[in-house]
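Residue-level listing of the chains:
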2 protein chains.
Amino acid sequence: MSEARFPIGVFDSGLGGLTVVKELIRQLPCENIVYFGDTARVPYGTKSKEAIVRFSHENARFLLKHKVKMIVVACNSSSSFALESLRKAYKLPIIGVIVPGACKAVGMSRKKVIGVIATSATIHSGQYARTIKNIDKNIKVVNQPCPLFVPLAEEGWYDNVIAQQAAKKYLQPIVQSKADVVILGCTHYPLLRNVIQRAVGPKVFLINSAKEIAQEVKDLLKKMGLLNTQGHRGKCQFFVSDKPQHFKTLAKRFLGCAIKNVHKGSGACMN
Amino acid sequence: MSEARFPIGVFDSGLGGLTVVKELIRQLPCENIVYFGDTARVPYGTKSKEAIVRFSHENARFLLKHKVKMIVVACNSSSSFALESLRKAYKLPIIGVIVPGACKAVGMSRKKVIGVIATSATIHSGQYARTIKNIDKNIKVVNQPCPLFVPLAEEGWYDNVIAQQAAKKYLQPIVQSKADVVILGCTHYPLLRNVIQRAVGPKVFLINSAKEIAQEVKDLLKKMGLLNTQGHRGKCQFFVSDKPQHFKTLAKRFLGCAIKNVHKGSGACMN
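Residues numbered from 1 in each chain as written. Chains lettered and ligands numbered in written order. Predicted model: local features only at pLDDT ≥ 70, side-chain atom pairs only at ≥ 80, totals over all residues.

**Describing the domain arrangement of chain A**
All names here are of chain A. In terms of domains, chain A is made up of domain 1 (3-96 + 211-270) and domain 2 (98-209). The gap between the C-alpha centroids of domain 1 and domain 2 is 23 Å. At the interface, 24 residues of domain 1 touch 24 residues of domain 2. For the side of domain 1 that touches domain 2, the secondary-structure elements that each account for two or more residues are α1 (18-27), α3 (76-81), α11 (209-223) and α12 (244-255). For the side of domain 1 that touches domain 2, the class distribution of residues is seven nonpolar, 11 polar and six charged. (Domains from an automatic or database assignment. Contact = placed C-beta atoms within 7 Å. Helix = DSSP H or I, 4+ residues; strand = E, 2+ residues; numbered from the N terminus. Nonpolar A, V, L, I, M, F, W, Y, C, P; charged D, E, K, R; others polar.)

**Some words on the environment of G234 of chain B**
All names here are of chain B. In this fold, G234 is placed in the loop between α11 (209-223) and β9 (236-240). On the basis of neighbour counts, which here come to 17 C-beta atoms within 10 Å, the residue G234 falls in the partly exposed class. Taking C-alpha positions, G234 is 9.2 Å from R5, a pair spaced 229 residues apart along the chain. The contacts of G234, once residues within four sequence positions are left out, are P29, C30, E31, N32, I33 and N228. (Buried ≥ 20, exposed ≤ 12 C-beta atoms within 10 Å, placed from the backbone.)

**Overview of the relation of the copies chain A and chain B**
Mapping chain A onto chain B leaves a residual RMSD of 0.0 Å; the transformation is a rotation of 180 degrees accompanied by 0.0 Å of translation along its axis. Given the turn and translation reported, the copies of this chain are related as if by a two-fold rotation axis. In terms of C-alpha distance to the rotation axis, chain A has R41 of chain A as its closest residue, with the C-alpha 2.5 Å off the axis. Counting the interface residues of chain A, we find that 100% of their copies in chain B are interface residues as well, pointing to one common contact surface. (Least-squares fit on C-alpha atoms with pLDDT ≥ 70 in both.)

**What about the interface of chain A and chain B?**
Tallying the contact residues gives 20 residues for chain A and 20 residues for chain B. If you list the elements that add at least two residues to the side of chain A that touches chain B, you get α8 (149-155) and α9 (161-176) of chain A. The dominant element in the side of chain A that touches chain B, judged by the number of residues it contributes, is α9 of chain A, at five residues. When its residues are assigned to classes, the side of chain A that touches chain B shows 10 nonpolar, three polar and seven charged.

**Structural notes on the nonpolar core**
Judged by nonpolar contacts, the single largest core of 173 residues is most densely connected at V72, V73 and L192 of chain A together with V72, V73 and L192 of chain B. With seven residues, helix α9 (residues 161-176) of chain B is the largest single contributor of residues to this core. Apart from the residues within four sequence positions on either side, V73 of chain B is in contact with F11, S56, S78, S79, L83, I94, I95, G96 and V97 of chain B. (Core = buried A, V, L, I, M, F, W, Y, C linked by C-beta atoms within 7 Å.)

**Some words on the sheet that holds strand β8 (residues 205-208) of chain B**
Residues and elements named next belong to chain B. Spatially, four strands are ordered β6-β5-β7-β8 in an open sheet, and the strand pairing comes out parallel. Bordering the open sheet on either side are β6 (140-145) and β8, each of which pairs with just one other strand. Looking at each pair of strands side by side, their axes are set apart by 20 degrees on average, direction ignored. Looking at chain direction, strand β7 (residues 181-184) and β8 are connected through four bridges and run parallel. Bridging from a neighbouring strand, L184 pairs with N208 of β8. Of the strands in this sheet, β5 (113-118), β6 and β7 are in contact with α9, which crosses β6 at around 170 degrees. (Pairing = 2+ DSSP bridges. Axes fitted to C-alpha atoms, helices over the stretch in contact; angles between N-to-C directions.)

Below is the structure:
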């Protein structure tokens, strides 16, 4: 089988990475995809760098067993802490979620003030701020961890009074900073897009990293001659390290459509 | 050394179990305590029964290495799913968090309607409802999972408008059921006590399981002749499987006082 037919591997700590899969399917409908969600150890956002690096390598090795042609690290915590270490260890192209979103944000900002909202781990890694400053050192970055947003998204409370109040409280420093672009720095956050948009006002541009990552995957596959040109819809396979049924139930929200089968994978500490 | 001088072992998925340690120190100031928080894999509330049982055995084995005379499973998810399996595997007394709180609740309820609030896993295990019905089958149990309460407690948002709105929304079915007793079925929840009390009204009695567990530990140690009568304050040792510094920072909120040293333990999948 030609390498172009090999699947794109995607991993996340849980199911947030499905917002990336959704965009990959939209922009690259012919690609095969293998997804691994480390649901036995979700969330990574509260874990140490050391733990996140170890978990990320285990997840990558799981995907490599499925002969993936590329790995998308659809987890902000892993992208913040483990990307370099993964790239050193494996020979295939590995794309993280930080750089594509950061580049788009720099391109969009007129006022040179960019807000970043994410989990505590992603914010404290400083990876978004560093990446943005590397592109344009004159940009001011306003960071804000939003620990309640993941459980709000998983509760399906996208736009009730609690989500509104939490968004208002978390985003106040960003509004005060007069940022004109805000990066949704966690794969769960696109589900709360409306409530976030209202909290920052209609003139602020929100960056959904998932879209930017899918674009980068497409560009890179093109450049490498690895685009799947089979001409029919690709196949998606989903693996998790725990609770496949729960994943299946919640997946619909993230993916926008139901999935048939979720397998229990042997990544992570399930070995 | 006499067995009475051996420490009480306490484990939890993270730091919520410190509310139990706080009560143990209050009621049994002479006891030595060894605490293990599985912070590398917190929370258990979203994991499968199979994963929770496996993690619980690993945690118990870690405590046994410290020659504990008793194990307190200060985690509702572990108590719901793993208690029987742990009791079969090890010979020392093992106390969970479900039974003491359930007994107290049955004793306090006049209207025979008891509300239980906890993580999704604890609620779905049905363990509280079963335990209550076993004591008095005529009692009506109203269950309510509250997934936002743990992140609210960890944010330190005990009584702001977001905590108030979340408490109001989650507790509405319990208020409507006319329950006169509510069990705080998660070790994080005592931190939100005030906002929960206001949501249910002043006449509803809240059960803080931590107090009931400490009482049970005291009774059992007395009966077994294992009370530590050394006459001076006991020593507490804290171990976690990840992020000792973060644990130390948050521990003050749960324990009510600062702790000096937190060690990285080798329980869980750190072996």
